[in-house]
Amino acid sequence: MRYGYGYFEEDKLGKVADTGLWRRVVSYSVPYWKRLVSAILLSFAVIGASLALPYMVRLGIDQYITNTSLETSARIGGLSMLAGTFVGVILCGFLANFLQVVILEWSGQNIMHEMRQQLFGHVLGLDLSFFNNNPSGKLVTRLTNDIQNMHEMFTSVIVTLFNDFMKLLAILIILLWMNWRLALVLSLLVPLITANTLWFSRLARDAFRAIRTRLARINSFLQEALAGISVLQIFMRQEDTLHRFTELSNGYLQKNLYQIRIFSIFMPAIDLFSSIATASIIWYGGGQIIQEQMSLGELAAFLAYMRLFFQPIRDLSQKYSIVQSAMASAERIFQLLDTLPASSPVRMIPGQPEMKGDVSFHHVHFAYDTEQVLSDLSFHVAPGKTLAIVGATGSGKSTIVNLLEKFYEPDSGQIYIDGQEISTLNSQWLRERLGLVMQDVFIVPATVRENILLDKKRGEGELEVIIDKAQLAGVVANLPEGLETRIGEGGVELSSGQKQLLAFARVLARNPRVLILDEATSSVDSVTEILIDRAIASTLANRTGIVIAHRLSTIRRADHILVMDNGRIVEQGNHQSLLDQDGIYRRLLSLQANHSDLLPNLASQVMDPNR
Amino acid sequence: MRANATRTSWRADTAKNLSLLIPVFKRHRFRLILGFTALLGVDFFQLLTPRFIKKAVDALEEGTASGASLLQYAAYIMLLAVGIACCRFVWRYLIIGFSRMLERDLRDRLVAHLLSLDRRFFQRHSTGELMALSSNDLAAVQLATGMGMIAAVDALVMTLAALAFMAYINPMLTLIAVAPMPVLAITTRMLSARLHKRFKKVQEQFASMTEFARSAISSIHLLKAYTQEQTQTEQFGQMGRDYIRHNLKLAIIQGLLFPFSSLIGNCSLLLVLFFGGRLTVQGTITIGDFIAFISYLFMLTWPMMAIGWVTNLFQRGATSLARIKAIFAEEPELRDCVSSESFPLKSGEVRVQGLSFTYPGQLTPVLDDVSMTFTHGMVGVVGKTGSGKTTLCHILTRLYPVADGVLFLAERDVNALPVATVRNNIAYVPQEATIFSETIQANIALGRMDASMEEIEEVAKAASIHDEIMTFADGYQSRVGERGVKLSGGQRQRIALARALLLDRPIFIIDDGLSAVDTETEHTILQDIGPYLQGKTCIVISHRIASLVGADRILVMDKGKIVAEGDHQFLLENNVFYATIYSHQTDSVLREG
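Each value, and the rule that gives it
Residues numbered from 1 in each chain as written. Chains lettered and ligands numbered in written order. Predicted model: local features only at pLDDT ≥ 70, side-chain atom pairs only at ≥ 80, totals over all residues. Heavy atoms only, no water. Helix = DSSP H or I, 4+ residues; strand = E, 2+ residues; numbered from the N terminus. Rg over C-alpha atoms; globule rule 2.2 N^0.38 Å. Buried < 20%, exposed > 50% of the residue type's maximum accessible area, 1.4 Å probe, protein only. Contact = heavy atoms within 4.5 Å. Areas by Shrake-Rupley, 256 points an atom, 1.4 Å probe, with all protein chains shown as cover. Lys, Arg positive; Asp, Glu negative; His and termini not counted. Charge placed at Lys NZ, Arg CZ, Asp CG, Glu CD. Patch = residues over 30% accessible without salt bridge, like charges linked within 9 Å, V, L, I, M, F, W, Y side chains within 5 Å. Salt bridge = Lys/Arg side-chain N within 4 Å of Asp/Glu carboxyl O. Domains from an automatic or database assignment. Axes fitted to C-alpha atoms, helices over the stretch in contact; angles between N-to-C directions. Parallel < 35°, antiparallel > 145°, perpendicular 65-115°, else oblique. Left-handed = near helix turned anticlockwise from the far one by under 90°. Nonpolar A, V, L, I, M, F, W, Y, C, P; charged D, E, K, R; others polar. Buried area = accessible area lost by both parts, 1.4 Å probe. Polar contact = N/O pair within 3.5 Å; in protein donor to acceptor, adjacent residues only side chain to side chain. Pairing = 2+ DSSP bridges.

(A) Quick look at the overall build of chain B. For chain B, the helix and strand inventory stands at 22 helices and 10 strands. Taken over C-alpha atoms, the radius of gyration comes to 36 Å for chain B, far larger than the 25 Å a tight globule of 593 residues would show. Each of the 593 residues in chain B was classed as buried or not, and the buried ones make up 59%. Sequence-distant contacts in chain B: of pairs separated by 6 or more residues, those separated by 24 or more amount to 78%.

Spelled out as structure tokens, the structure:
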């Protein structure tokens, strides 16, 4: 399935005659010009061989088989000579054809690979706000299906289209040369065939598009129904689901039947034209023979060439639509490539002193679009200290992380690290020194070891210490191949708690100066929770910590606590002083610790009054 | 011997599997008869055409041709061509259309069957696997019954007829001409099998690249935070290079397959030119025969290629059909009780007696001799991951079968009640909230499509999700999914809660259904849903003990057993496990403070 995870794009039609677009597409193939030229040269050999054969049959008939002026032995000898040449020609044709296919595939794939790599690198370099506005399915489609579309055009169309045109042209020339009158009669068919083909290609394209849309709908519906089968069954939705599926399925069938009807009309129509040509040759060509203006061999050659003529015409329409969809893809790809990151990257400063981990926010304001998220936020964390941020969902806690990581820029105010404003720092340098652990963990499809190290190098002993500190040792010991166990897509699936522990190991391996921790709200089982707790403690040791905290143990351990509400700091201090204030903080903590203030009430409501 | 035996049994299996399709064939028999008649018509007319060409050429050679006779021949050829075109339309439409109808029929039946299967089945078969079945395997069956059947009949008829006509002209020349053909049939078969295999490889690689790109893009913030842009691009490049390699391997086969068929066709042509030419020179056959012979030869090339292709098509179709049939052979282990009696259950009392449950393929039971009774009021359940809590919920909601005399609902054995009746008494909130790509309204109203907007808003308010829904551009009409609003885990769980609240059933189960909701919101929710749970049997599973403190009873589960039972205070004093978790979660802060 090539529909990028439920995301389906109505395929827009490309402009086949857009020269600017063509120039850009062609520029990618320039490094491969030698191979492409050799493919074109080979295509001459292929066409030459396929066209030489009917001509040789004609020669055989006219010069040897029907030529009674020669002696029988000379005629047979001539035939043998001709047969020998024939063998040579067909072998050459075969070889040229094979080489051409392989060379084209090789160049096409390499061109597409470069384009894909460029696009992938480009996309990863874009700002986070870009990703918020563009669904990931759409971007994946660019990288996969759109590139694939262009590849199809490169290999199967451009050169075969060239082949076909050359072939048609050559056949017309040969026919004109052999007998121009008959050739002119036959060429009356060309406009008819062209009109038929163009009309057909439009109808076929629309039909296929409708089929693809319907199929995508069926697939995403079924995917969802199967994934949620338990819920559908518990809520007794089977009948309704089946009913809706049958409707989708029927819609798909109708579109398929429509496509079959179109093909049932147009495919035989092409053959009909081919028969018209045969009949014309017999009738008009025969007349010419009677008038002795044409030989029998020529007639046979005409019949054979007509067959060759109709072959490429059959799939011309299909190729035209491939070019159209490829041009639409090209347009989308270039559009994405032309999207520039909002802020230009800051150069790495040579001799930048190592980060100490002194973080401060100075009157920072920030809004996503129009929604104000942070208002006049100021705080300071000294190196090695831990700052905990607590507050309800939507109070702006995560935005602090996003600003510090330079994913977004503040609307006003400054953020300093070691007294340097972060907008003057290279983001790569900065991010290497900030360790981020978030609720969701990014798992690469690779071994546990590779997932911990990513691009870093650590000795075996060092790694052992890291795993130990991250409380991951137990997890690793239980995996079938220990550290070398493959995880992620196609490998062992880790639980969310285990992934959290892995994220701590990852941070420890990178040894950052500042640890930013966005604690998970979702509960894990109690044993894992204790492990995570220890991992947090060992990761925070000797580092500046900024923690969006949910766990009491983490909050209590912090040197300073900010209580946030609606993008503002409403309370701050250490644990004890905040508890003494008896404000929001105390209320938040009491919820965390115990629902008992309200639960007796709930329980009494739940209980049957008559019991 | 053994290979032979397995092959025979494979054939027998295929015959058995075909029973799945026979009703469809029967239903469309007239369509099929007419379609194949038209196909034979095409073949017949096609074979006649060279006869007329031959007659015309012979007449020209002998000098007996006149303008009128030539026109007549041309007219015959045209007439045949029109006949061919009409018949082609008929068979294409009827037979290919049939294969699409068959596909639709099979797909609908498959989905209907899947919907009736229980959870054990879905545990053994992943969604991806079933999706592949519905797309790839059905497509393979469709191809085999559509183009496959057509090509097989067509190739057979054309081969026999063309051979007969050729033999009629000259048997010896026919033998010589067709000598290279078996090579073509065998090679096509071998190559197209390999082609299919390599094509699959290419598709798999394409799929893993897609997955890689998706996972990179969907966690872009982490990737950037870890400065993995470079590494990821390199890894993607490595996959891309593998993709090139697989494609080249495929291209080599493709590059061989098609030119090879024209190579063989040309070899035959060469033989005819040489030997046939000799025969013509010697006067054994006429020049008209010679040209007609060449025409028949061209007709043979396609069936020879088709034989190899069709064999693979049938084989693939048979394998796919076997896979589909295997799914149809699956029956829900949970036997529904057929009874027209309606059961207005008087109470929501649930009694479990000596329930044990082991997942297939596992040795240790997840539930081990569990007995308990849930009546009005709230029962909390705590325990480690894997202690059997969720399995218990799945059994209560009848997703897994139970033995007789184990599970009772309002004092009636559930096996004596229709599954629908049991489920209609339960509202269930799972941990993994399933949200469908529909409007939010439709998602909440999943169990009661007739619910009014007021009712929906009311439960959404109780689940603390109403305000957030109102911030979406289209409110309750916003669609969920990639093209609509994206919901966080907590939002999904609260929608699932609202969905269950709307049902107003005597039994209410929350299976850790608020785990992704922050503590403060959970607190508000528990307060607001109180009125909805009044007088109901309410089972709440949670990792946060704080949410369960006020329950009437709390069960502590470990290794599939209920190890302790009592209210919060009792457990705190008497159960070490419970007390440990509690003190860890609360950190005893408040008491110190």
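(B) Structural context of the overall build of chain A. The helix and strand tally for chain A stands at 21 helices and 12 strands. Against the globule reference of 25 Å for 611 residues, chain A gives a C-alpha radius of gyration of 36 Å, more extended than a compact globule. With respect to the principal axes defined by its C-alpha atoms, chain A has extents near 125 × 75 × 50 Å. Taking all 611 residues of chain A together, the buried fraction comes to 55%. Put simply, 77% of the contacts in chain A that link residues at least 6 apart link residues at least 24 apart. Of the roughly 26,100 Å² of accessible surface on chain A, 56% is carried by carbon and sulfur atoms. One way to put it: in chain A the 54 positive side-chain charges average out to a point 5 Å from where the 57 negative ones average out.

(C) Quick peek at a nonpolar patch on the surface. Residue and element names in this part refer to chain A. Taken together, the side chains of Val 26, Val 30, Trp 33, Val 37, Ile 40, Leu 41 and Phe 44 make up a nonpolar region of the molecular surface, amounting to roughly 630 Å² of accessible area. Top element by residues in the nonpolar patch is helix α2 (residues 33-65). It accounts for 5 residues. Structurally, Leu 41 can be placed in helix α2. The exposure class assigned to Leu 41 is exposed, which follows from its relative accessible area of 53%.

(D) Structural context of the domain arrangement of chain B. Assigned domains within chain B: domain 1 (171-284) and domain 2 (350-592). For domain 1 of chain B versus domain 2 of chain B, the separation of C-alpha centres amounts to 54 Å.

(E) Broad picture of the packing of helix α3 (residues 72-124) of chain A against helix α10 (residues 229-281) of chain B. Across the interface, α3 of chain A lies against α10 of chain B with an axial gap of 8 Å and an inter-helix angle of 165°. When the axis of α3 of chain A is compared with that of α10 of chain B, the two are roughly antiparallel. As for the relative orientation of α3 of chain A and α10 of chain B, their crossing is right-handed in sense. Across the contact of α3 of chain A with α10 of chain B, the residue classes tally to 31 nonpolar, 16 polar and 6 charged.

(F) Molecular detail of the interface of chain B and chain A. Each partner contributes to the interface: chain B provides 158 residues, whereas chain A provides 164 residues. Summing both partners gives a buried area of about 15,000 Å² for chain B against chain A, and 70% of it is carried by carbon and sulfur. Considering only the surface of chain B that becomes buried against chain A, Leu 115, Ile 217 and Tyr 226 of chain B emerge as the three largest contributors, covering 5% of it. On inspection of chain B and its partner chain A, the count reaches 3 salt bridges. The residue Arg 244 of chain A makes a salt bridge to Glu 438 of chain B at a minimum N-O spacing of 2.8 Å. Counting the contacts that link chain B with chain A gives 23 residue pairs in polar contact (both at pLDDT 80 or more). Among the elements that make up the side of chain B that touches chain A, the one with the highest residue count is α10 of chain B (30 residues). Residue classes in the side of chain B that touches chain A are distributed as 79 nonpolar, 49 polar and 30 charged.

(G) Quick look at the domain arrangement of chain A. For chain A, the assigned domains are domain 1 (16-179 + 322-340), domain 2 (180-293) and domain 3 (359-595). Here domain 2 of chain A and domain 3 of chain A have C-alpha centroids that lie 57 Å from each other.

(H) Quick peek at helix α11 (residues 397-404) of chain A. Most of α11 of chain A sits inside the fold, with 7 of its 8 residues counted as buried. Turning to α11 of chain A, its buried residues are Lys 397, Thr 399, Ile 400, Val 401, Asn 402, Leu 403 and Leu 404 of chain A.

(I) Molecular detail of the sheet that holds strand β6 (residues 426-429) of chain B. Residues and elements named next belong to chain B. Reading across from one edge, β6-β7-β8-β3-β9-β10 is the order of the 6 strands in this open sheet, with mixed pairing throughout. The sheet terminates laterally at β6 and β10 (561-566), the two strands that pair on one side only. On average, adjacent strands in this sheet sit at an angle of 15° to one another, irrespective of strand direction. Pairing analysis gives 5 bridges linking strand β7 (residues 507-511) to strand β8 (residues 537-541), with the strands arranged parallel. The partner of Ile 507 across the bridge, within β8, is Thr 537. Packed on one face of the sheet, helix α12 (residues 389-396) meets β3 (377-383), β6, β7, β8 and β9 (553-558) and runs near 150° to β7.

(J) Representation of the packing of helix α7 (residues 171-178) of chain B against α10 of chain B in the model. All names here are of chain B. Look at α7 against α10: their axes get within 8 Å of each other, and the N-to-C directions meet at 155°. It follows that α7 is roughly antiparallel to α10 by the angle criterion. Once α7 is placed against α10, the crossing between them reads as right-handed. Residue-level contacts link Leu 173, Ile 176 and Ala 177 of α7 to Ser 268, Leu 271, Val 272, Phe 275, Gly 276 and Leu 279 of α10. Grouping the constituent residues of the contact of α7 with α10 by class yields 7 nonpolar, 2 polar and no charged.

(K) Seen up close, unusual backbone geometry. Residues and elements named next belong to chain A. At His 363, a position not held by glycine, the phi torsion is positive, near 45°. For His 363, the location among the structural elements is in strand β1 (residues 359-368). On the basis of relative accessibility, which here comes to 41%, the residue His 363 falls in the partly exposed class. Even without glycine at this site, Gln 471 takes up a positive phi of about 60°. Structurally, the position occupied by Gln 471 is in the loop between α14 (460-469) and α15 (473-478). For Gln 471, a relative accessible area of 18% gives the class buried.

(L) Structural detail: the environment of Leu 270 of chain B. Inspection of the secondary structure assignment puts Leu 270 of chain B in helix α10. The class for Leu 270 of chain B is buried, based on a relative accessible area of 12%. In this structure, the C-alpha to C-alpha distance between Leu 270 of chain B and Leu 313 of chain B, residues 43 residues apart in sequence, is 31 Å. Not counting residues within four places of it along the chain, the set of residues in contact with Leu 270 of chain B comprises Ala 83, Phe 86 and Val 87 of chain A.

(M) Local environment of the pairing of strand β4 (residues 412-417) of chain A. Residue and element names in this part refer to chain A. Two elements, β1 and β4, share 5 bridges in a ladder whose sense is antiparallel. Along β4, the bridge assignment pairs Phe 361 with Ile 415. Pairing of β4 with strand β5 (residues 420-421) involves 2 bridges; the strand directions are antiparallel. By the bridge assignment, Tyr 416 is partnered in β5 with Glu 421. Adjacent in sequence and paired antiparallel, β4 and β5 are bridged by 2 residues, among which Asp 418 carries a positive phi angle near 50°.

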